[in-house]
Every structure is written in C-alpha cells, then in structure tokens.
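Structural features, examined
Letter by letter, the chains look like this.
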Protein chains: 4
Amino acid sequence: MNKCAVIGATGYTGIELVKILIQHPSVEIVGLTTRQKQSIPVRDLIPALGPSCDLMIETYSFEAIKRKADVVFLCLPHTEAMETAEKFLKAGKIVIDLSADFRLKKVKDYEKWYKVRHSAPHLLKKAVYGAPEFFRKDIGQADLIANPGCYPTAAYLAVVPLLQRGLVESEDIIIDAKSGVTGAGKKLNPATQFCEVHENFYAYKVAQHQHTPEIEQILSDCAQKAAKVTFVTHLLPVRRGILATVYMKKKKNIRLQEISKAFREAYRGEPFVRVKPEGVFPSLKDVERTNFCDLGFTVEEKTGRVIVVSAIDNLLKGASGQAVQNMNIRLGFPETKGICSL
Amino acid sequence: MNKCAVIGATGYTGIELVKILIQHPSVEIVGLTTRQKQSIPVRDLIPALGPSCDLMIETYSFEAIKRKADVVFLCLPHTEAMETAEKFLKAGKIVIDLSADFRLKKVKDYEKWYKVRHSAPHLLKKAVYGAPEFFRKDIGQADLIANPGCYPTAAYLAVVPLLQRGLVESEDIIIDAKSGVTGAGKKLNPATQFCEVHENFYAYKVAQHQHTPEIEQILSDCAQKAAKVTFVTHLLPVRRGILATVYMKKKKNIRLQEISKAFREAYRGEPFVRVKPEGVFPSLKDVERTNFCDLGFTVEEKTGRVIVVSAIDNLLKGASGQAVQNMNIRLGFPETKGICSL
Amino acid sequence: MNKCAVIGATGYTGIELVKILIQHPSVEIVGLTTRQKQSIPVRDLIPALGPSCDLMIETYSFEAIKRKADVVFLCLPHTEAMETAEKFLKAGKIVIDLSADFRLKKVKDYEKWYKVRHSAPHLLKKAVYGAPEFFRKDIGQADLIANPGCYPTAAYLAVVPLLQRGLVESEDIIIDAKSGVTGAGKKLNPATQFCEVHENFYAYKVAQHQHTPEIEQILSDCAQKAAKVTFVTHLLPVRRGILATVYMKKKKNIRLQEISKAFREAYRGEPFVRVKPEGVFPSLKDVERTNFCDLGFTVEEKTGRVIVVSAIDNLLKGASGQAVQNMNIRLGFPETKGICSL
Amino acid sequence: MNKCAVIGATGYTGIELVKILIQHPSVEIVGLTTRQKQSIPVRDLIPALGPSCDLMIETYSFEAIKRKADVVFLCLPHTEAMETAEKFLKAGKIVIDLSADFRLKKVKDYEKWYKVRHSAPHLLKKAVYGAPEFFRKDIGQADLIANPGCYPTAAYLAVVPLLQRGLVESEDIIIDAKSGVTGAGKKLNPATQFCEVHENFYAYKVAQHQHTPEIEQILSDCAQKAAKVTFVTHLLPVRRGILATVYMKKKKNIRLQEISKAFREAYRGEPFVRVKPEGVFPSLKDVERTNFCDLGFTVEEKTGRVIVVSAIDNLLKGASGQAVQNMNIRLGFPETKGICSL
C-alpha cells in the first residue's frame, strides 16, 4: 500500500481527490491537511461518507507529512505550491501538483501570467506535464508531476491529434470554452453567489485567461511547431463540467476521413478518452462525475473548418481524477485503478 | 388606436408579444388566436395580469381577424405562416411574420434548409427583413415584415458594422452561440425536460443550424460582398437569453480604435443597442426581459482576431420585442413606444 | 408630484423599489443613497434601464435628503433603520421602513429576537403595520409605516380571514415556508454561493426564525385573541418567491363552504390578493415579478385540517411592491398606481 | 454469484438500480429488459460506463428471464408489476417490486387510490414491506418484497421511532414533503419541461397523494395504533432528493431528551440512517447520490410540537438503493454490500 497525503484537502479539488483516494484499493491516506487551525472530520466535507469514517483533516505540518507519506498531492494556491513542492522533493517524495506552478516551462511566461516571482525556477525543467495521453512514459518516472489545468485538458485532447499529424493549421485555433462554477474554486466571491450565476451566462477574461500559455505550450510541444490559440472562457450556471467548442482550419485537401482516423488512432486504447462517431457531440451529462473526456467532431466543407467539441468533468479529468491517473502511472498501477466509479 | 391581432398567441413568443401589446399606449388588441378548439383566457397564460383582464384567445378564424385588425402578427410554425400571410396581405393588412417563412430571399435556400416547398415565393421579394438598425426606411413602408430570427439578431448586430466598413474578412467569421430553453419553443420535447437540461450543456445542430443562411444573407447584403460563417449553437440551462461569442479576422493594419469607432458610429442613436467600453463584456442578466442588444468587443493582437460578444433576450430583441419595434417604425410611432418596461 | 427618497438603494429590495418608483407616474425620485463612499449610476444596478437614465445613488447625507424629500423609504439593516427613521420623522417626513425595526409592538419582543436594544421605543406605538388588506385606514394617516416582512406577508394573508371569523383554532397553526435566495439579501455569504444552493434544499432557523413574533402579533391583533404558530423556513434554489403551506385546525362543524366564503369576503375588491377555486393551488411562477399574493385552499375532512397555500414574490408583495402600495394609500393615490407592470 | 434481472431498466429507478448492481461484488446481471422493441446498450443510458461495457437492455421475454435469473427486480408501472410479479413468483423467483402494487395490505385501499383492479390480491398478504429498519427479519425470508415508495421512506423513518414509543400523538401528524423532478419519472410531461420547473415551486396533489395510505399503513403497523397523516407534496427545481418536514404533537410531559433517545435507540447500528444532534438539520446535498436517510429534530416548547426533518435521495434510499439493501438482506449479504459508493 502506497502512502498518500493531500495538502489543501478542503477545496473542491482536494475533496474530490480524497473521495477517490479513500476508495482506491492500493493506496492508504496518511495525511490530509489544511491551513486552518482546527481539525476537520472528512465526513463533514463528504457527507456521502458514513459516520464510520474517522479520517481527519489536520493543520498542515511539513514534518508530520514528511514522516508518513510517499506521494504528496498539492491542492494549494499558486506560490504556496511551488515552495511546498520543493521541500517535499528534497525529502524524496513524489509530488503531484494540481496548481499551475510547474506547468509552464518558461519562468518568464509564468511570471507574466501569474504576476508573481517563481521561487523554484530550477524545478520547471524537472517537472513533467501530466497529460497521460501524450507523456505517459515521462510521467512514469517523474518525481514532480504538474497536473494539467482544467481548461487545457479539455483543449489539448481536442487538438493535439490533428496538430501532430499536420492536418490543421497551428496558428488558426479558436477555443470557446464554458465551465461550471466549481471551476472558480470555493473562495467566497460576489461573482459566484447564486443570484449572480443562476439564469445568467457570460464571457470572462476574454482572450486573457491565464491558461492560454499552458494550452499554447502543450500544443506547440506536441506539434513540434509554434501554436497560437484564441481562448475565451464563459461561466455556466451548473456546478461541474467544461465543454469546449474548438474551431480549427484544416490544411488543404485534408478530408473528414483523415480527421476521423487521427482521433481513432490517437486515442485507441486510451482508457479515459472516448471519440464519438462523426457528427455526434458530447454533453456535460455524458462525463459528469467521470474521468472521461468525450470528443465529437465534424468538418464544415464550406469554410474548411474542423469543429471539435470536448467535454470533461472539471473536477475529475480536469483535476483530481487526472491526478490519480498520473499517480497510477507513476506507481505502476493499472491506469484506471480506483478511478472508475458510477 | 391601431388595431392589432396575434395569430398563434399561446407559444412563448406569442405570449411575450401579447404582454407588450397590452401595455402599448397606441394600439388596441382586437384578436388573439390559437389552433386549439377552446378559447383560453389570456390571464391563464400571463398570470401577472390581474383578474380584471378579460382578453380571450379564440380559435382562429381568418374572417373574424380580417374584419377587425389593421396589423397582423404571425407567431406560427413554418409553412402555416406563409399561407396565412398571403391571405392577410391580399386583404390589405400589414403583416409582421415572426416565423422564418419570409426571411430568406431565395426560394432555393428556404427549401433546402426548411425542407418544405414555399407556397408564396412571389412574396419573398416583397418582404422586408425587419432589422431596424439596417433597414429602418424600408420597414417604414413594408406591408410584409419578416421579423429576424433570434440567433441571427444576436449575430448580425455583432458583425455588420465591421463588415460594412471593411474592417474584417467576410469569409472568416465564427459565431459560437448559446441559447436559453425558451428558444426551443413550448412543444413537448424529451430534450427540454428539466432533468435533461438542468446541470447540462451541449452543442446541437453543429454547423447545420437553419439560421445559418439567414445570417449569411444579411451579412452579405449589408457588406455588399459574400459572407460565410461557421455557426454553432448550444443549449444553456436558463429560461431566456442568447449570448453569442463572435470571432472575426481583422484586415491588416486595422486597429482597435477603428473597431471601436465602427461600433460607436453604427449604433449612435440606436435606442436598443448598447456598446460597452472595449474589454467589457455583457452578460445575459444585462438584457434579461429587455429589448436591448448589448455588445462587448476586443482585439487580440497576437492572432489578429476581433472578438465580439453579443447578448439579447431571445424572446424580446430576438422575437417579440423586435416585432413591436418594427410595428412602431411601420406605424410612425417613436421606436421605443410601449417597449421599455422594467 | 410627490418627492421620494430611498435610503439604502443598492440591496435587492432597494433596487426593486427604485424600479417601481422610476415608472410611477405620480412621484419623483429626489434621492437615492448608499453607505458607500462612491456614487453609483442606477443603470449599473438596473441594466434594463437605458443609457439615457442618469439617476445616481449618492453617499448618504441626512441633510440633503431632508431638504428634498417628502417620503423616505428605508431599506436599511436593523438598528440603522430605527435611528434614521426617528430623524426623518422629526423633520416632518413620511417614513416607510422596510426593515423590522418598527414591526413589533413590544420592545421586549424586538430585543429578544433581534438581539439589540431599541433606540426609539416611543415610536413603536406610533408606527402602523403596513398590511393594506387589514390596516388600510390607519396606513392612510400614518407618518411611520412599518412595512411587513416577506414571510409574514405570505403567512398572514393565508390565515387572518379564517381567524377573524373564528373558523380555525388560533393556537394550532403550522406555517411551512420556502423562500428564494434573494430573501437572504445581497451580503456575501458562503451559504448563498451557487454551489451551495443549486441542486440543494434545506430547512433553516427551524422554529427560531425572527419573523415568528411578527406573524403571531398580526394574527393575534386581527383575531383579537392570542395566536401561536409553528414556523419553519426553507431555502429554495430559485432567485425570487415565497411559497408557504399553512396547516390549520378547523373548529368543529365548520365546513369547506365557510372557509371558501371567508376568503372571498375578506379579499373581495382587494387589488393584490387572488383567491383560487377550492383545490387549485398557486405556484411561484404565478406571482413572479408581480405584487400579487395568490391563495389556494382545501379542507381535509379526515383530520379536520384546513390547508392554505400562499405565494408571493418576496421582493414585491413581500417588500418593495407592498411598500409602494402603502405609499399609494398614504398619499391618496389609487392603490395599484405604478405597481402593475408585466 | 446470485443472478439478477431488472424488468423495466430504462426509467430513472431502473437505470439507478443497474448502476448499483453492475458494481455489486456478489451478484451478476443476467437480464435487463424494456417494453421497447429494440435493444439498447446500457452504456447509452449510463454514460459513466466505459465503452468496454457491453451489457444490453433487451425486449422483455418472460421465458428468457425465467431461465436465467434468481432475483427479479420490477421497475414497472402499476398494474403491469402485479401481473409480472405473480408469474415470476410461480416460477420460484425472488421478486423485489419497486412499484406500488404490493405495498398496501388492503385491496380496497389499493383500488381506491390507484383506480385499477388488483389482479393478484392473494399476494398482498404474502408481500413483505421492504423497510429494513423495521421488518428486517421478514424481509430475510420473503419471496415478494414490496419496496417502499420514496415519500413514505422519508416519512416513516422520521416518525416511527416516536410513535412506537408512544411519545407523540398518532393522529396529529403533518408531513410537508418536497421532491426533485426525477420523482415524476421519465415520462414526457408538460409539467416537467425545464421552463415550467426552473425558478418555480408549487404544491401538488394536496392532501390527495397516493402515498398517503402507504404512510398511514406503516405508521399504524409499527405503532399498533391507527395513525392519520396530513400529507402535502411539492415539486422542487432539482433533479434528485426528497426533504420532508414533519410536524408532530408530543404527548404531555414528554421532553426533548426522550425524543432524542428514541431516535438514537431506534437507529443505533442502522447502516443507512444518520441522526443529527438536536437542532441540526439535514440538506439534500448531505444525501445526494447516497443511500442515507439523514434526520434532524427539535422540540418547540411553546406549541408542544416535535419537528423532524428527513432527507433522502429519492432514487436511492427512496427506490433503487433500498431495493438492493433489501436484496442484500434476503440473500444474506452484509446489508451495505455494493451500496456505498462516493
């Protein structure tokens, strides 16, 4: 039994991660922590747990976790994650970071988009981007896994297969993404009060979302070619889920069949990516509370555009489910272990 | 007092139209009809009406309406509208048609997208497309006004000013639109049952929506140049509202300032279009239960794209509010008369 | 034109009040205030207002309002309202207070339930409880009108006619009430974050809600007999509306017909109370965005219980609509003036 | 491995049941059926299932199921269930019926409330009412288990312990219940269209719900004394969950402590009933997607009333979860087996 800890276990992604780890047959939870001064019974945050569960979330102590855990998940805000990660790495732990702190390869990009100094730039090279579908081998050996952002996951799974095979232009990509409210985190916020969100819908951070460089980086990496995206995010009046509608320009003479083949090939055998038949598109409901990414696609001949719709649960494939998938890879478990619940 | 009738007064747009006409200071409702065999008190459909309102929706009779009305609004399904319109026109009435039957100029387009024969093709030329911001003068003299579709209204208001001034490419336009559920009409439908829509979101009729040719037609007309759009629609878990995020390619050397100026110029003095400062974007809530179209825009230098977000209430600016705006123009009333309630 | 001011115009009830007053044909808004240091354009809070509206909400100044207004509406938190009311009364103004500060006749009750000292106990006697259906005459002469709470309004309209006629027991009344989220006010609150409310429902302040003594007081007053109620409140995942299901014990030998007659008699001619036929019950939708209270009732012979369901819009009949109704009475206007919009 | 079949597997309760059985470690699904003519892959109805699941729902054939299954779950409409049950019982199967057909002991009651003749009245005596907390022993030996209704489950768990101990009056019980929309079933229905339910709330079948006699029967059975309830149901704009607020009259001299003790005693060791500390009340969210019933209670001294709030997931503890709990009891498995997922 591997010994896991979750640092920052009270937020939406932390709670979701705990839910999975509790049921995971091959790991043991040895520490759950919070910045708060008081211990919190896990069953207060996950009412589906019966009263017999006596797991506690304790005030964070580096030493205590260091003594007990092999694998440390960080569900912390930016800045805090990078400092904490460094300490656990030095102590020989496997670190899976759900924050954005180690996702960007270039310090400059990080500092531009997140507006803080990076305290551990030497670790950026070391960190492996946790996209199992494209970096499985590296993840298997990484000590620091940068778990992808929710929007980037929905985006790159829709785009990479086409870009890698040179079927679409790399600088004419539009990602129109819509997210449920848990994506905004649990922090008290006037914008996420019920009366502001219900019966409402709007675009935010238009062409300025901090996930933009992360998306461009992974697309460029996979395509071996600079990629540029226009990325616009919207807030949906639902709790969970991201649906991204992606518009690409196909290269001349490329036909529907090749698009279709690219997706089939890329995701054959992938346990968590499902490609629908051409012209059939996913809904949030298809992936709610699952670790799946569902993809639908079509080609519009009139304009030469490829349209791909991608749907994930932002808290699972977009965060904690993917984090456990990465852990499974790293620890040599079957990749779906402990993740497939109904 | 002009005498108005609403044919098909029990659907969502019919009801909304009746609400406005009841409060309109210069018109009198002389007929409200339904295909149903039994009369229905209007106050059963509009509970906000007090018990003192004794207006009735009666079984449709052409003769009865012909005797009483000057202006006839058609809130009918396709096919039915074209036949009914022809009869009322022959009887000398002003017809404002909220269906799609007279919006497309080419019979061929209509028959391709709506999959029925057009029974009154000679009227297509005669019909004026009821976009007040662009065809005010023609509307003022039209006997047959084809009231625009809900999606097209949200779309053309976002695009025409830029296209008319040659600031953006006419064949590289993507409209990612999201609509509330009243847009699907009142017909019983498994897809619009609460448990299917709530906590859900998806794309439908991807690149195949029947409003596509309507959008392309008005853009082409206004730009005097063939326009092509990629148009994708989504279903939002809200009752009312359309928000469209529009991506255009600006022409070389065009700058933000020119985009901004185009919108200001185009809509200066327009009573129902509000342009936000650059970088500020509208939400559905801003236009809920109003006849406004709110527009926000920005330019993404990196990709050369102009991004415009447009929001309307699908039942008002997208249907019945605009229909009354057109009536006001046609009858020589101030354009906002009877439309501005809080 | 009477001159009105709204003190505390930025909360949910303040905004709703401004919406009505703007459209009211016989009053002029001369002041809208906030505790905030910066002025706020009204059109930022009420987007349905066109850009032409240049009303401003200004930082509160007693002197400025005193100079300009005849009627002062207070949409303030408890404590603050009582102090402000006293000053405006001394200055000869008509004060309509939407807070709870002057609703309870006994200082002791107020201090027990609101947990603060009352600073103007001498005004409690002077204040008239603004339930138009029962105190119309007194309201017509009052300088201080205590506008009823939202829950009490839904409750007393369902109960008083039966109690006044001695048809039901006065100490066996259960009010199971459900409210939309605007009832909780605009204050930032973890309990009203979207993810806490959506797909959720619960009872709160069970048998401990501060509106309990207000309900018992008006029932006792109207029945001339001590009334006791069990009152439980619940939070609904909707924006607006209160629906209360009220269970009473009928007195022996009382029959359905007498219950029915009591409601008909009590509300004959009432412009804002609608009684449904026996066995037909209202929904929130029937009263959404209206000043109506809709009532449905039945008698369960098996248990001898009368069941009444009452529905209001908490922001209108439950607050600002009723406040304007009270103003209309006080100023001698027709009672529905400016209130009936669709 | 016991062999199970679900007859009527495409409705909300059928699907939920299949979800549980698929994951149950000690049973094998040998048949899933529908009245429809075409087979349906289970993964089309439960998208959380991966593509590897090849279970099919087949057109119903009694012979096929008879050959393969030991335990037959009926998720059928009334009338149909009683006929089908009889056939499977004759064939020696264990039948767990989720319909109302075998819940009422008296034919007369059934025929009055369900308005059809009962085709198998001799089985009514044989059937055991599947309330594990009160009839565990009988369930363990029953061949025909009548799985309780959703509302009755929420109701009797809140009332029986107090009634059994003589702490409350048996004829002064009010149950004000609120249910999510899945409770109405999957049948196409104007009342459950999104635009009718969203932002709405209302009471229905006031004092006339067909679950009333079921509730009175189990209360009377457990209390050994005739019980009468006033039962009112409401439709909540959520997908899942029932919350019932129950008002009882305590007997003289009974104190809070005894109420509290009754609940603790009654449910000590119960795996699926959780009693909160006095004055703390459950929300739907606490039990969403679980088989728990959560209970909160208080005593209002002023009126002598006991107030109990009870929350369940209508599809789990209110239907399919409880059905599997009953199966576990019948087959001698630990009662929670296969039911506790997060």
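Along its length, chain A carries 13 helices and 15 strands. In summary, chain A has a C-alpha radius of gyration of 20 Å against a globular reference of 20 Å for 342 residues, a match within 12%. Taken along its principal axes, the extent of the C-alpha atoms in chain A is 60 × 45 × 40 Å. Scored against the burial criterion, the 342 residues of chain A give a buried share of 65%. Entry remark: accessible area of chain A is about 12200 Å², with carbon and sulfur atoms responsible for 49%. A distance of 2 Å separates the average location of the 48 positive side-chain charges in chain A from that of its 37 negative side-chain charges.

Attention now moves to the sheet that holds strand S13 (residues 273–275) of chain B. Residues and elements named next belong to chain B. Spatially, 7 strands are ordered S10-S11-S9-S12-S15-S14-S13 in an open sheet, and the strand pairing comes out mixed. Every other strand in the sheet has two partners, leaving strand S10 (202–204) and S13 as the edge strands with one partner each. Neighbouring strand axes in the sheet, compared pairwise and without regard to direction, differ in orientation by 25° on average. In terms of strand pairing, S10 meets strand S11 (residues 229–235) through 3 bridges, oriented antiparallel. Note on S11: the bridge partner recorded for Tyr204 is Thr233. Contacts between helix H10 (residues 212–223) and the sheet are confined to strand S9 (168–179) and S11, with S11 contributing the most and set at about 135° to the helix. Together, S13, strand S14 (293–300) and strand S15 (305–312) form the strand contacts of helix H11 (residues 256–267), whose direction differs from that of S14 by roughly 165°.

In this section: the relation of the copies chain A and chain B. Note on the copies: chain A fits chain B at an RMSD of 0.0 Å, the axial shift is 0.0 Å, and the rotation between them is 180°. On the angle and the small slide along the axis, the relation comes out as a two-fold axis. The residues that chain A uses at the interface reappear at the interface of chain B in 100% of cases, marking a shared surface.

Superposing chain A onto chain C takes a rotation of 180° plus a shift of 0.0 Å along the axis, which leaves an RMSD of 0.0 Å. Of the residues that chain A buries at the interface, 100% are likewise interface residues in chain C, meaning the two copies contact each other through the same surface.

Okay, the interface of chain A and chain B next. In this assembly, 44 residues from chain A lie in contact with 44 residues from chain B. Summed over both partners, the interface of chain A with chain B buries about 3600 Å², with 56% contributed by carbon and sulfur atoms. Inspection of the region where chain A meets chain B yields 8 salt bridges. Among the ionic pairs, Glu216 of chain B bridges to Lys302 of chain A, the shortest N-O distance being 2.6 Å. For the pair chain A and chain B, the number of links is 32 residue pairs in polar contact (both at pLDDT 80 or more). Per element, the largest residue contribution to the side of chain A that touches chain B is 6 residues, and it comes from strand S9 (residues 168–179) of chain A. Looking at the side of chain A that touches chain B residue by residue, the class counts come to 21 nonpolar, 9 polar and 14 charged.

Burial of nonpolar side chains together is a common tendency in soluble globular proteins. By size, the foremost hydrophobic cluster in this structure holds 201 residues, and its most contacted members are Phe73 of chain A together with Phe73 of chain B. Beyond its immediate stretch of four places on either side in the chain, Phe73 of chain B contacts Cys4, Ala5, Val6, Ile7, Leu17, Leu21, Ile96, Leu98, Ala323, Val324 and Met327 of chain B. Ranked by size, the runner-up nonpolar core spans 200 residues in total, among them Ile15 and Ala177 of chain C together with Val42 and Phe297 of chain D.

Another point: the domain arrangement of chain A. How big an interface is tends to be stated in terms of the accessible area lost upon association of its parts. Residues and elements named next belong to chain A. By domain assignment, chain A separates into domain 1 (2–147 + 319–331) and domain 2 (151–312). Each of domain 1 and domain 2 has a C-alpha centre, and these two points are 25 Å apart. If you look at the interface, domain 1 gives 21 residues, while domain 2 gives 27 residues. Summing both partners gives a buried area of about 2000 Å² for domain 1 against domain 2, and 57% of it is carried by carbon and sulfur. In terms of surface lost to domain 2, no three residues of domain 1 exceed Tyr12, Trp113 and Phe134, which account for 33% of the buried area on that side. Counting every contact that joins domain 1 to domain 2 gives 3 salt bridges. For Glu214, the salt bridge is made with Arg103, and the minimal N-O distance between the two is 3.1 Å. Our count for the domain 1 to domain 2 interface comes out at 12 residue pairs in polar contact (both at pLDDT 80 or more).

What follows covers the packing of helix H8 (residues 150–164) of chain B against helix H13 (residues 316–331) of chain B. Geometrically, a packed helix pair is captured by the angle between its two axes and the distance between the axes. Residues and elements named next belong to chain B. Interhelical geometry of H8 versus H13 gives an angle of 100° and a closest axis separation of 8 Å. In this view, H8 runs roughly perpendicular relative to H13, as classed from their interaxial angle. For the pair formed by H8 and H13, the contact residues are Cys150, Thr153, Tyr156 and Leu157 on the first element and Lys317, Gly318 and Gln322 on the second. Here the contact of H8 with H13 is built from residues that sort into 3 nonpolar, 3 polar and 1 charged.

What follows is about the interface of chain A and chain C. Each partner contributes to the interface: chain A provides 18 residues, whereas chain C provides 18 residues. Taken over both partners, the interface formed by chain A and chain C buries close to 1600 Å², and the fraction arising from carbon and sulfur atoms is 64%. When residues of chain A are sorted by the area they lose upon contact with chain C, Phe194, Cys195 and Arg239 of chain A head the list and together hold 42% of the total. At the boundary of chain A and chain C, one finds 0 salt bridges. Linking chain A to chain C there are 6 residue pairs in polar contact (both at pLDDT 80 or more).

Residue and element names in this part refer to chain A. On the surface, a cluster of positive charge is contributed by Lys106, Lys108, Lys112 and Lys115. Here Lys112 is to be found in helix H5 (residues 107–114). Classification of Lys112 by relative accessible area gives exposed; the value is 56%.

We now examine the sheet that holds strand S15 (residues 305–312) of chain A. Residue and element names in this part refer to chain A. Within the open sheet, the 7 strands sit side by side as S10-S11-S9-S12-S15-S14-S13. Their pairing is mixed. Unpaired on one side and paired on the other, strand S10 (202–204) and strand S13 (273–275) mark the two borders of the sheet. Adjacent strand axes in the sheet meet at a mean angle of 25°, parallel and antiparallel pairs treated alike. When strand S14 (residues 293–300) meets S15, the two strands line up antiparallel, connected through 7 bridges. Its bridge partner lying in S15, Val299 is registered against Val306. In the packing of helix H11 (residues 256–267) onto the sheet, contacts are made with S13, S14 and S15, and the angle to S14 comes to roughly 165°.

What follows is about the confidence of the model for chain A. For chain A, per-residue confidence averages 97 on the pLDDT scale, and 100% of positions sit at 70 or higher. Scoring of the predicted complex yields 0.97 for pTM and 0.97 for ipTM.

An α-helix turns once per 3.6 residues; consequently, residues spaced three or four apart project the same way. Residue and element names in this part refer to chain C. For helix H11 (residues 256–267), built from 12 residues, the straight-helix expectation of 16 Å at 1.5 Å per residue is met to within 8% by its first-to-last C-alpha distance of 17 Å. Taken together, the buried positions of H11 are occupied by Ile259, Ser260, Ala262, Phe263, Ala266 and Tyr267. Projected down its long axis, H11 carries its buried residues within an arc of 155°, all on one side. Residues Gln257 and Lys261 are exposed on H11 and point more than 90 degrees away from its buried face.

Right, let's get into the pattern of salt bridges. Any two side chains of opposite charge can pair if their charged atoms end up close together. The tally for this structure, following the rule as stated, stands at 98 salt bridges over all chains. Arg136 of chain A serves as the salt-bridge partner of Glu270 of chain A, at 2.7 Å between the closest nitrogen and oxygen. Here Arg136 of chain A lies in helix H7 (residues 132–139) and Glu270 of chain A lies in the loop between H11 and S13, a separation of 134 residues in the sequence. For Arg136 of chain A, a relative accessible area of 28% corresponds to the partly exposed category. One continuous salt-bridge network, built from bridges that share partners, spans Glu199 of chain A, Arg239, Glu288 and Arg289 of chain B, Arg239, Glu288 and Arg289 of chain C together with Glu199 of chain D.

Turning our eyes to something else, we now look at the side chain of Glu216 of chain D. Following the sequence through the fold, Glu216 of chain D ends up in helix H10 (residues 212–223). For Glu216 of chain D, a relative accessible area of 15% corresponds to the buried category. A distance of 2.8 Å separates the side chain of Glu216 of chain D from the backbone nitrogen of Val229 of chain D, its partner in a polar contact. In this view, Glu216 of chain D contacts Lys302 of chain C together with Ala227, Lys228 and Val229 of chain D; residues no more than four positions away in its chain are not counted.

All names here are of chain C. The side-chain alternation of strand S5 (residues 71–74) yields two buried faces, one formed by Val71 and Phe73 and the other by Val72 and Leu74. Alignment of strand S1 (residues 2–7) against S5, held across 4 bridges, turns out to be parallel. Directly across from Ile7, in S5, lies its bridge partner Leu74. Sheet topology places S5 next to strand S6 (residues 94–97); 4 bridges connect them, and they run parallel. Directly across from Phe73, in S6, lies its bridge partner Ile96.

Here we come to the side chain of Arg103 of chain B. Residue and element names in this part refer to chain B. Within the element layout of this structure, Arg103 appears in the loop between strand S6 (94–97) and helix H5 (107–114). A polar atom in the side chain of Arg103 sits 2.7 Å from the backbone oxygen of Asn147. The contacts of Arg103, once residues within four sequence positions are left out, are Leu98, Tyr129, Ala146, Asn147, Pro148, Gly149, His211, Glu214 and Gln217.

Parameters at a glance
Residues numbered from 1 in each chain as written. Chains lettered and ligands numbered in written order. Predicted model: local features only at pLDDT ≥ 70, side-chain atom pairs only at ≥ 80, totals over all residues. Heavy atoms only, no water. Helix = DSSP H or I, 4+ residues; strand = E, 2+ residues; numbered from the N terminus. Rg over C-alpha atoms; globule rule 2.2 N^0.38 Å. Buried < 20%, exposed > 50% of the residue type's maximum accessible area, 1.4 Å probe, protein only. Areas by Shrake-Rupley, 256 points an atom, 1.4 Å probe, with all protein chains shown as cover. Lys, Arg positive; Asp, Glu negative; His and termini not counted. Charge placed at Lys NZ, Arg CZ, Asp CG, Glu CD. Pairing = 2+ DSSP bridges. Axes fitted to C-alpha atoms, helices over the stretch in contact; angles between N-to-C directions. Contact = heavy atoms within 4.5 Å. Least-squares fit on C-alpha atoms with pLDDT ≥ 70 in both. Buried area = accessible area lost by both parts, 1.4 Å probe. Salt bridge = Lys/Arg side-chain N within 4 Å of Asp/Glu carboxyl O. Polar contact = N/O pair within 3.5 Å; in protein donor to acceptor, adjacent residues only side chain to side chain. Nonpolar A, V, L, I, M, F, W, Y, C, P; charged D, E, K, R; others polar. Core = buried A, V, L, I, M, F, W, Y, C linked by side-chain atoms within 4.5 Å. Domains from an automatic or database assignment. Parallel < 35°, antiparallel > 145°, perpendicular 65-115°, else oblique. Patch = residues over 30% accessible without salt bridge, like charges linked within 9 Å, V, L, I, M, F, W, Y side chains within 5 Å. pLDDT = per-residue confidence, 0-100. Expected span 1.5 Å × (residues − 1). Arc of directions from axis to C-beta.

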